[in-house]
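Observations on the three-dimensional arrangement
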Amino acid sequence: MYIPQDPAMLVSFINMKLRDQYTSLDDLCYDLDLDREALTERLAAAGYTFDETHCRFY
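Quick look at the structure, then. Predicted model, so just to flag it, every value in this text is computed and none were measured.

So, on to the side chain of Lys17. Following the sequence through the fold, Lys17 ends up in helix H1 (residues 7-20). Setting aside anything within four residues of it in sequence, one finds Lys17 in contact with Met1, Tyr22 and Leu28.

Okay, structure coming up:
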């Protein structure tokens, strides 16, 4: 599956998927064949952190 390359678009895409289709980041990464650590590091480099409590990036 294509995922956006721009960090702002990517975080929006991931948060939308987490809100609408998945109950956890692990489920999303498994289903979309994404490396959770690489995704988290990529978004962290853009200033986003994952909040486990709310299951979204801020």
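There is more to say after this.
Here we take up helix H3 (residues 36-45). If you check the start of H3, you find a side-chain oxygen 2.9 Å away from the backbone N of Glu37, and it comes from Asp35. At the C-terminal side of H3, Gly47 shows a positive phi close to 100°.

Counting residues in hydrophobic clusters, the biggest one holds 16 residues, and the most contacted among them are Ile14, Leu18, Leu25, Leu28, Leu39 and Phe57. Broken down by secondary-structure element, the contributors of at least two residues to this core are H1, helix H2 (25-32) and H3. No other element matches H1, which puts five residues into this core. Apart from the residues lying within four places of it in its own chain, the contact partners of Leu28 are Ile14, Lys17, Leu18, Tyr22 and Leu34.

Time to look at the packing of H1 against H3. Close contact between H1 and H3 brings their axes to 10 Å; oriented N to C, the two are set at 130°. Considering the angle they form, H1 stands oblique to H3. H3 is crossed by H1, and the crossing has left-handed handedness. On H3, the residues that touch Pro7, Leu10, Val11 and Ile14 of H1 are Leu39, Arg42 and Leu43. Residue composition of the contact of H1 with H3, by class: six nonpolar, no polar and one charged.

Pairs may arise between side chains of opposite charge once their charged atoms sit close together. As enumerated under the stated definition, the model contains three salt bridges in all. The salt bridge involving Arg19 is made with Asp20; its shortest N-O contact spans 2.9 Å. In this structure, the salt-bridge partner of Arg36 is Asp26, at a minimum N-O distance of 2.9 Å. Pair noted here: Arg36 is in helix H3 and Asp26 is in helix H2, with a separation of 10 residues, a long-range link.

Conventions adopted
- Residues numbered from 1 in each chain as written.
- Predicted model: local features only at pLDDT ≥ 70, side-chain atom pairs only at ≥ 80, totals over all residues.
- Heavy atoms only, no water.
- Helix = DSSP H or I, 4+ residues; strand = E, 2+ residues; numbered from the N terminus.
- Contact = heavy atoms within 4.5 Å.
- Polar contact = N/O pair within 3.5 Å; in protein donor to acceptor, adjacent residues only side chain to side chain.
- Core = buried A, V, L, I, M, F, W, Y, C linked by side-chain atoms within 4.5 Å.
- Buried < 20%, exposed > 50% of the residue type's maximum accessible area, 1.4 Å probe, protein only.
- Axes fitted to C-alpha atoms, helices over the stretch in contact; angles between N-to-C directions.
- Parallel < 35°, antiparallel > 145°, perpendicular 65-115°, else oblique.
- Left-handed = near helix turned anticlockwise from the far one by under 90°.
- Nonpolar A, V, L, I, M, F, W, Y, C, P; charged D, E, K, R; others polar.
- Salt bridge = Lys/Arg side-chain N within 4 Å of Asp/Glu carboxyl O.

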